[in-house]
Amino acid sequence: MTSAAPNVSSPVGIIAGGGAMPFAVADSLVAQGIEPVLFPLRGACDAARVEKFRHRWISVGQLGRAMRLFREEGCRDLVFIGTLVRPSLSEVRLDFKTLRLLGNVIRAFRGGDDHLLSGVGRMLEQDGFRMVGIKDVAPDLLMPEGCVTRAAPGDAAAGDIERGRKVLTALGPFDIGQAAVVIDGHVVAVEDIEGTDALLARVARLREDGRIRAASGRGVLVKMPKSSQDLRFDLPTIGPRTIEGVAAAGLAGIAVMAGNTLAAEPQAMIEAADARYLFVIGVPA
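Remember, it's a predicted structure, so these values are computed and weren't measured experimentally.

Below, the discussion takes up empty space enclosed by the protein. Here the structure, examined in full by the defined rule, presents 1 cavity of 30 Å³ or more. Taken as a whole, the largest cavity encloses approximately 30 Å³ of empty space. Within the lining of the largest cavity, the residues separate by chemical class into 6 nonpolar, no polar and 2 charged.

See below:
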């Protein structure tokens, strides 16, 4: 197992959104002898699963309370991981500390998700905390380079992967999405605010409606970080659910950027892909 960066201090605070990844990160830290403290976000994090770990609940917009709890738990290093439905600024109940930083908060909200997360991260760092990434605390959760499944991409899929990389590189500066579906060289769908699962469901509907005429088993889901993205935040993630979506969409497999993509429940993901004769490959940055 790859060890965490030697200068990461214990305990590490995990600002936990939804999904399985916050708990995978916590388990990885425990295996490395580093204590995790979870700060689950109300309305997002799984309340049952968080009980396994030392934790303190926090709310979006309560920066002052969150910072106090981080200090009480001795967490200098913080990592944000997990899904979160972006609230509108009017829906956020601000505490006094957040109100003092209101100008910075408003500027953070005026942009895409990466802009928002980076803005919040800067505010925390200005208060003495350090935002760290998965590469620092749980590198074992990142996709390796190469094919991890029995199936591998053929020439047609390799061409689709390259086209998807070019499209996502071009779209990256606009902070739009992290995924695209390419079939026989045609870009048929790009991820929007709904996320990857909805993207794949849209491709499945297009097939059902006859808008996509390519045979099932062709085409690739390509995922990679945005070119201007702070790689400590919101890395692309794939897992067993992604495999289900790719299979329903009639694609041949998934290509992601090695070292900059999270693999949720990797063994279950690989087994699901092998059972459906799909490939999963990590391509070089």
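Our focus in this paragraph is the packing of helix H9 (residues 196-208) against helix H10 (residues 240-248). Between H9 and H10, the shortest axis-to-axis distance is 8 Å and the interhelical angle comes to 15 degrees. Here H9 lies roughly parallel to H10, going by the angle between them. Seen from above, H9 lies across H10 with left-handed handedness. Here H9 contributes Thr-196, Asp-197, Leu-200 and Ala-204 to the contact with H10, which in turn contributes Arg-241, Thr-242, Gly-245, Val-246 and Ala-248. Looking at side-chain class alone, the contact of H9 with H10 contains 4 nonpolar, 3 polar and 2 charged residues.

Here Glu-191 is to be found in the loop between strand E7 (186-190) and H9. Lys-223 is the oppositely charged side chain nearest to the buried, salt-bridge-free Glu-191, at an N-O distance of 4.5 Å. A distance of 2.6 Å separates a polar atom in the side chain of Glu-191 from the backbone nitrogen of Gln-178. Within the local environment of Glu-191, its side chain forms a polar contact with the side chain of Thr-196, the two groups lying 2.5 Å apart.

What follows covers the pairing of E7. The side chains of a regular strand alternate, residue by residue, between the two faces of the sheet. In terms of strand pairing, strand E6 (residues 179-183) meets E7 through 4 bridges, oriented antiparallel. Residue Val-182 lies in a different strand from E7, and its bridge partner there is Val-187. Hairpin connection of E6 to E7: 2 residues between the antiparallel strands, including Asp-184 at a positive phi of 50 degrees.

So, how was this worked out
- Residues numbered from 1 in each chain as written.
- Predicted model: local features only at pLDDT ≥ 70, side-chain atom pairs only at ≥ 80, totals over all residues.
- Heavy atoms only, no water.
- 1 Å grid on protein atoms, 1.4 Å probe; cavity = no way out; pocket = protein on both sides within 12 Å on 5 of 7 lines; lining within 4 Å.
- Points joined across faces, edges and corners; volume = space filled by probe spheres on them.
- Nonpolar A, V, L, I, M, F, W, Y, C, P; charged D, E, K, R; others polar.
- Axes fitted to C-alpha atoms, helices over the stretch in contact; angles between N-to-C directions.
- Helix = DSSP H or I, 4+ residues; strand = E, 2+ residues; numbered from the N terminus.
- Parallel < 35°, antiparallel > 145°, perpendicular 65-115°, else oblique.
- Left-handed = near helix turned anticlockwise from the far one by under 90°.
- Contact = heavy atoms within 4.5 Å.
- Buried < 20%, exposed > 50% of the residue type's maximum accessible area, 1.4 Å probe, protein only.
- Lys, Arg positive; Asp, Glu negative; His and termini not counted.
- Salt bridge = Lys/Arg side-chain N within 4 Å of Asp/Glu carboxyl O.
- Polar contact = N/O pair within 3.5 Å; in protein donor to acceptor, adjacent residues only side chain to side chain.
- Pairing = 2+ DSSP bridges.

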